[in-house]
Amino acid sequence: MKKIGDRVTFEDHKNFTTIIITPPSVDWKNAFLFGWIIAWTYVGVYIIYNFVSGLFDNEQQIYFAAFMVFWFYFEYRSVKALLWIKFGKEMMKIDDQHLTFKK
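Computed from a prediction, not measured in an experiment: that's the story for all the values here.

Definitions and cut-offs
- Residues numbered from 1 in each chain as written.
- Predicted model: local features only at pLDDT ≥ 70, side-chain atom pairs only at ≥ 80, totals over all residues.
- Heavy atoms only, no water.
- Phe/Tyr/Trp six-rings, centres within 6.5 Å; stacked < 30°, edge-to-face > 60°.
- Helix = DSSP H or I, 4+ residues; strand = E, 2+ residues; numbered from the N terminus.
- Buried < 20%, exposed > 50% of the residue type's maximum accessible area, 1.4 Å probe, protein only.
- Contact = heavy atoms within 4.5 Å.
- Expected span 1.5 Å × (residues − 1).

Chemist: I'd like a rundown of the packing of aromatic side chains, residues and numbers included.
Modeler: Across all of its chains, the model carries seven aromatic pairs by this definition. Ring geometry for Trp 40 and Phe 67: centres 6.3 Å apart, planes at 55 degrees, overall tilted. Residue Trp 40 is found in helix H1 (residues 27-53), and its partner Phe 67 is found in helix H2 (residues 58-87); the two are separated by 27 residues along the sequence. Measuring from ring centre to ring centre gives 4.4 Å for Phe 56 and Phe 64, while their planes differ by 20 degrees; the resulting arrangement is stacked. Both residues of the pair, Phe 56 and Phe 64, count as buried.

Chemist: Run through the environment of Ile 19, naming residues and quoting values.
Modeler: Summarising the element assignment, Ile 19 is placed in strand S3 (residues 16-21). Filtering out sequence-adjacent residues up to four positions away, Ile 19 remains in contact with Val 8, Thr 9, Phe 10, Glu 90, Met 91, Met 92 and Ile 94.

Chemist: So what's going on with H2? Residues and values would help.
Modeler: Note: α-helices contain 3.6 residues per turn, so residues at a spacing of three or four share the same orientation. Look at H2: 43 Å from first C-alpha to last across 30 residues, which is about the 44 Å you get at 1.5 Å a residue. Looking only at H2, the buried set comprises Phe 64, Met 68, Trp 71, Glu 75, Ser 78 and Leu 82. Where H2 is buried, its residues touch H1.

Note that all results are geometric; they support no functional claim without further evidence.
As structure tokens, this is what we get:
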């Protein structure tokens, strides 16, 4: 394996070449994203608990049900981003006829 910078490695084989690219990782940004996910999860769990407990009236239930749709979307995206930063990589395989790309 040969390295091109900090994040890109490649290897030449007999009939093909593989390239592996890892995502950039900045420790303070990762820690901030992890803290934000923890806080965001706490907010969502708290709202769900109050929603299920019946502490909201009908108008509030409609508002918080809509809020939970947005909450779930951002929860999913932020957890997916953190997992990508920690464990993700892009792999490319180049041969005579094909370029194969895999995340």
